Structure formats: C-alpha cells, structure tokens
Amino acid sequence: MNLNFKRPLIYLIILIVLISPNKTDAQDDDSVTILFTHDLHDHFYPFTIERDGKLEELGGFSRIYSAILEEREIDPDLLLVDAGDFSMGTLFQTIFESHSPALRTMGKLGYDATTLGNHEFDFRPEGLANSLNSALSSGEELPAIVASNTYFPSDEEGALDPSLKDLKTAMEGYGVRDYIVLERKDMKIGIFGLMGEDADTNAPMAEVEFENIVDVSREMVDLLKHKEKVDLIIALSHTGTNENGSKSEDENLAKKVPEIDVIISGHTHTELNKPIVIENTIIGSAGRYGENIGKISISKDKDNRWKLDDYQLLKINESYKENEEISEYIGLFKEDIQREYLDRFDMQFDQVLAYSPFSFTPSYMFGKEHREDTLGNLISDSYIYSVKKAEGSDYRNIDVAIVPAGVIRDSFPEGDITVSDVFNVSSLGIGADRISGYPLLDVYLTGRELKTVAEVDASIQPIMPVAQLYIAGLSYEFNPNRMILDKLTEIYLVDEDGSMLEIIDDKLYRVVAGLYSAQMLSAVSDKSFNLLSAIPKTEDGIPIEDYESRIIYEDGQELKEWLALAQYLESFPKKKGIAQVPSSYNELQDRKTVVDNRGIVARFANPNKFSLILYSIILALIGLISWITFKIIKRMNRRDKNK
C-alpha cells in the first residue's frame, strides 16, 4: 500500500521539477549577449597574414555568419552590432556607391545596428548619399544606423550646401537616427552611435561636423533613461582606445558618462583580449577586418546593475565553415566589381601578378616602428616606374617619391600576389574621376623643403605614427635623441644609378605622391607647430592651388596608386610565366637610418636655428629662476641678520 502511494508521488515531484523554472533559467531571462564587430573595411573574403612566422587565414563574411549562427543557437535573442568603418579597404569599395555591398551584407547577416565611421565619408557626402540610396533601393533587410553626434552646418540663412542637402535627405530616407530602442527578453535596450575626435580628423572630406562625444552622450543617456525608460544603454563608438590614457577617448567617455553600460569601441583597430571595465561601464574592442567577433555576456546582479559574466574574442579562422548562401551572395558583388571597375583596367579580381618568396612586414605591425621598411620601398619605387611608363618619351625625371605609412592598408605574405591583394594595400580614396583609388600626381619642392620633409618624418612620427614617410630618391640619417625639429643629421639625393648627390637648397625637385599625400605636404606647417614649411609648387615655382590639375594620366585614365604597384610587380623577371619579387626587397636599402646615439656630442652638436632658439629660451628661463632664487635667498639672509 505504501509503495503504491510513493511511486506516483515521486513521479509528481519529478514532473514539477521538470516544468518549474530553475535558477539558471531565471538568470537567462535577465541576461544579454552582445556580438560585435568594427573596422570590417569591406573584408568580404578571408585573408592571409603572417603571425609568429606562421601563415594564418582569417575573417570573411561567410565564416563570420557561421559563427553568428552558432551563437544564435545558444542565445536566439542576442544583439549583433557594429561600430563603424564597415566600408573601404578592398575591391568591394569600388561599388560602394552603386551597390552598397557592406550594408546589404550586414543586413543579410542579421546585424541590428551600426554607426558611421570616418571611412564611410571617404567618397565625400555625395558618395555616402549614393550608397545609402543604393542600399535602400535594394529592398533588402538592412541594419539600423545610429549617428548621434553628426551635425549639418548651414550658412547664415540656414541653407545647406547641395552635397550636404543630398546627404541629409539620403540619411532621412534610410532612417538614420540618433538612437534606437530594441526589445529583448522583455527588456528595452537603447543604442546610440558616436564619431570621436581623432576619427573626425581622419574624415577631411566629410563636410558634416561632429559634436563633442561627451556632451552628446549625456544627452542620449538622459533621453534613453528618462524618456524611453530603457534597461540597458550601449554606445557604438567609432572613437577608440589608446595606451596613452590621455588619448584614450572611449576610456575618458566612460569616466565622464558612467551611465553608459557598454561601449563597443571602434576606429583604433584595438584588439582587447580582456575588456576595459571602468566602474560599471564595459568597453569591448575586437580588432579589425573581421579577424574576430567580440562577445559580451552580461546579466543583472542583486542590486539590479549589469555585471560582466563573460567576454570573448571569437577567432574567425578555418574552424568555422564558409556559409554557402553568403558565399554565393558575395559572388554576385564580385561580378559587379569585375564588370564596373576592373574591366576598365583590363585586370581580373584573382589574377596573379607576381610571386613573393618572402613575407613583407605584416599589416598589423606596419608603421609601428620608426624605420625604413621594405614594403614602403616597393611602393615608392612603383610610383617612379609607373609614371615613367605612363609618360613615355615625355617623361621628366622624378627625383623623389613619397608614401606615408597611413595610406598603406595591408601587406603581402609569402606567396602569390593577386590584383585583389594589391588593391588592398593601396585602397584609399577617390580621384577627380570619382573612381575608387587615389591617383598619382606630381609637385615640385625646393631642396630646403625636401630636407624639411625628412625632418618632419624624423620629428613628428613619434607624435603621429601615420605621418611616418617612406621615400624613394633620398638617403638620410636622424638621431631620435636630439631636440625635436633638429633630429636630421645627414641627407642626400640618390639618383637612378645609386649615386649620392648633394641637395641644393634653392633648386626645384620633382616629387610624385598620391593625391591625399601631396595635399598633406601643405600641412607640414601645422604638424611642425608652424616652425617648418613645405609648399608644393608647379615646375615654375608657383604654389599649387588645384591639386587635381597635377594628376598623372595613362591612356586617358588617372594613374591610380594601386595600379602603379600592380604594374611594377608585373614588370619583374618571370619564372614559369609569373613575375618574381626580387630578393633586394627583402633587405633594407639605407634610405632611412636611425642612429640611436645618446652621447652628449651627438645630441647637441651642430644645432639648427630651432634648437638654438629653444636652447636660448631654456637658458633664459634658467637665468630667470636663478635670479629669483638669488633674490629670495638674499632677502631671507637680510631678514635673519635684522633678527
């Protein structure tokens, strides 16, 4: 009798346990999973990099999608967001305006929201407007865009420039907003987007302006908390972190606006293997190009505050299979690129241009050390080669070719080098023809200004690493321990046969560079605190006002930076029909030599006028302090004597 009674009782207890919500389920109801990316830069396909002497294939949207699907099986209610610079960096940018491939693919992957990075403005307001309109006209699912601190400046009568008017109309049509509110698991989540100060300086053609991120964030937090009554606030911040705390904009934002719960930090390409946590704000950053997807898991604690449960960077490598649906979708864009862009240059997307038996400096390390670099040498040499080829019998001698580190976007690992690979290295910008890729142009500088350019490289690079220069046609030495703007110790011109020539201060020398780089030469004054100057001129010595008038053409088309590099690679001696990169590009060529001499003589010998002025100021200050000290001591002694 008792046994018969106990058995159904046990079954009843088991049934109650199975159908009752347990503690874990209750926690899951209060938890949020955030998957995030930033700085994808149109890296639709996997790419190869060398790390620790090994080649590794990473990224690609088809693998990213597989990772997303795996995470959605764990948490179907997860958030998927991006912090800007989703475009510009590969051949897919060439159809940015006509097809908007990045936004459409992000929609296909199920992104909830993104923000605008500085590179979304690379093709100027007109380009971004066209891209937004193209995305909208596709009729496909698209991610929300939040751009909270974007401001449209108007004239005194309140009118906008036509280009800004078109962009504003396109943004309104797309539905770009200051913030959005999403609902997950009966919770309201507020998301807003920011463009930081450093990112703003890297968008010189944007024409729009960007308001202070702290002021705007406080406004957004107030709206989201008190008007929208959200449970969680996320900032998609194209702003970034920095090892130098004073320059770490997102860390400073977290300190000044602690009500932000999570900051997804883009722009600086930082890879945070551990999150930065400042009081109750979590800052995550996943690197660049889709090498990783960031994952943040949070839940409410007993005080109803958000706490970090888990933080991971999911490495997008061969462990994730390529999703066939996304691969086929990307393939359609690839066909558009071939038809609309590459056919005009008579080149194919996957065409092998050359083989390199060695790896150049990996892209993630490029420009970090202040020194000559073999890839910089290769690119600067390619400019001279291609201009000579384009001008033929009309060629005028090029003395110097200049390539800033900031315009080199990728590198070449050991192996085949394709057209796509070459474009990735020199992918920035747009020409006067409104076709993707900066064109080459020529300007003239005096010998004195050539020395100034080398001094800017020597002195300004530690302050602004992207300003490091790689120069063909010059050989110079500098001592980093000398006074700023007086680091250069030796410089010569190098002609085609390798002879060292003295630079004549008043002579004009022909210089070739990309459109952006040549324009930046005129900014030398600003970068050197108005103490140095280099003014690009015509062959007649007249300062250049219209840089686009100096563009170099080949067969009626602008000679693009990437095309110059492609032509140079193709010109190398061939083996079994494939050009071979010469071993000389695996070695430094004494174009830039860093002499790290801390000796007194080396640091202070032969000072230039800037050092003499600075030394005079320092001596004057020392003299003033000594005089004041003497007066104070004298007065104290007199007082003691009187006592």
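So, a few notes on the structure that sits alongside this text.

Reading the values: the criteria
Residues numbered from 1 in each chain as written. Predicted model: local features only at pLDDT ≥ 70, side-chain atom pairs only at ≥ 80, totals over all residues. Heavy atoms only, no water. Helix = DSSP H or I, 4+ residues; strand = E, 2+ residues; numbered from the N terminus. Buried < 20%, exposed > 50% of the residue type's maximum accessible area, 1.4 Å probe, protein only. Core = buried A, V, L, I, M, F, W, Y, C linked by side-chain atoms within 4.5 Å. Contact = heavy atoms within 4.5 Å. Polar contact = N/O pair within 3.5 Å; in protein donor to acceptor, adjacent residues only side chain to side chain. 1 Å grid on protein atoms, 1.4 Å probe; cavity = no way out; pocket = protein on both sides within 12 Å on 5 of 7 lines; lining within 4 Å. Points joined across faces, edges and corners; volume = space filled by probe spheres on them. Nonpolar A, V, L, I, M, F, W, Y, C, P; charged D, E, K, R; others polar. Phe/Tyr/Trp six-rings, centres within 6.5 Å; stacked < 30°, edge-to-face > 60°. Lys NZ or Arg CZ within 6 Å of the ring centre and 35° of its normal. Axes fitted to C-alpha atoms, helices over the stretch in contact; angles between N-to-C directions. Parallel < 35°, antiparallel > 145°, perpendicular 65-115°, else oblique. Left-handed = near helix turned anticlockwise from the far one by under 90°. Pairing = 2+ DSSP bridges.

Concerning unusual backbone geometry
Working step 1: Look at Asn304: it is not a glycine, yet its phi comes out positive at around 65 degrees.
Working step 2: Take Asn304: it is sitting in the loop between strand E15 (292-300) and strand E16 (306-315).
Working step 3: The class for Asn304 is exposed, based on a relative accessible area of 52%.
Working step 4: Unusually for a residue other than glycine, Asp346 sits at a positive phi of about 55 degrees.
Working step 5: The topology assignment puts Asp346 in the loop between helix H11 (324-340) and strand E17 (352-356).

Quick look at the nonpolar core
Working step 1: Counting 130 residues, the largest nonpolar core has Leu378, Phe412, Trp562 and Leu569 as the members making the most contacts within it.
Working step 2: Top contributing element to this core by residue count: helix H17 (residues 561-570), with 7 residues.
Working step 3: Contacts of Phe412, omitting those with residues within four sequence positions, involve Phe358, Ser359, Phe360, Leu375, Leu378, Ile417, Asp421, Val422, Val425, Leu565 and Leu569.

Overview of the environment of Asp596
Working step 1: Structurally, the position occupied by Asp596 is in the loop between strand E30 (592-594) and helix H18 (600-604).
Working step 2: Separated by 350 residues in sequence, Asp596 and Ser246 place their C-alpha atoms 28 Å apart.
Working step 3: A polar contact of 2.7 Å, which involves the side chain of Asp596, links it to the side chain of Asn481.

Looking at empty space enclosed by the protein
Working step 1: The tally for this structure, following the rule as stated, stands at 3 cavities of 30 Å³ or more.
Working step 2: The space that makes up the largest cavity amounts to roughly 60 Å³.
Working step 3: As for the largest cavity, its lining consists of Thr48, Ile49, Glu50, Ser359, Phe360, Pro362, Ser363, Asp410, Ser411, Phe412 and Pro413.
Working step 4: Residue composition of the lining of the largest cavity, by class: 5 nonpolar, 4 polar and 2 charged.
Working step 5: Within this model, the second largest cavity holds a volume of roughly 50 Å³.
Working step 6: Along the walls of the second largest cavity sit Glu372, Asp373, Asn377, Leu469, Tyr470, Ile471, Tyr476, Arg591 and Lys592, which together make up its complete lining.
Working step 7: Take the lining of the second largest cavity: its biggest share by element is 3 residues, from strand E21 (residues 469-472).
Working step 8: Looking at the lining of the second largest cavity residue by residue, the class counts come to 4 nonpolar, 1 polar and 4 charged.

Describing the packing of aromatic side chains
Working step 1: Counting across every chain of the model gives 23 aromatic pairs.
Working step 2: When the ring of Tyr329 is compared with that of Phe333, the centres are 5.2 Å apart and the planes differ by 85 degrees; the resulting orientation is edge-to-face. Residue Tyr329 and its partner Phe333 are both found in helix H11; the two are separated by 4 residues, about one turn of the helix.
Working step 3: Accessibility expressed as a relative area gives 10% for Tyr329, which makes it buried.
Working step 4: On the accessibility criterion, Phe333 (3% relative accessible area) is buried.
Working step 5: Taken together, the ring pairs connect Phe44, Tyr45, Phe61, Phe92, Tyr329, Phe333 and Phe349 into an aromatic cluster.
Working step 6: Taking NZ or CZ as reference, Lys168 lies 6.0 Å from the ring centre of Phe152, over its face.

Brief notes about the packing of helix H6 (residues 124-137) against helix H7 (residues 162-174)
Working step 1: As a packed pair, H6 and H7 sit with axes 8 Å apart at the nearest point and diverge in direction by 25 degrees. Viewed along their axes, H6 and H7 adopt a mutual orientation that is roughly parallel. Note on packing geometry: the crossing formed by H6 with H7 is left-handed. Judged by residue contacts, Pro125, Leu128, Ala129, Leu132, Asn133, Ala135 and Leu136 of H6 engage Ser163, Leu164, Asp166, Leu167, Ala170, Met171, Gly173 and Tyr174 from H7.
Working step 2: Class assignment of the residues belonging to the contact of H6 with H7 gives a composition of 11 nonpolar, 3 polar and 1 charged.

A few points about the sheet that holds strand E18 (residues 400-404)
Working step 1: The 4 strands are arranged E20-E25-E18-E21 in an open sheet whose pairing can be described as mixed. Strands at the two margins of the open sheet, each flanked by one partner only, are strand E20 (440-446) and E21. Each strand axis lies, on average, 30 degrees off the axis of its neighbour in the sheet, ignoring direction.
Working step 2: With 2 bridges connecting them, E18 and strand E25 (residues 508-514) associate as parallel partners. What sits directly across from Ala401, in E25, is Val512.

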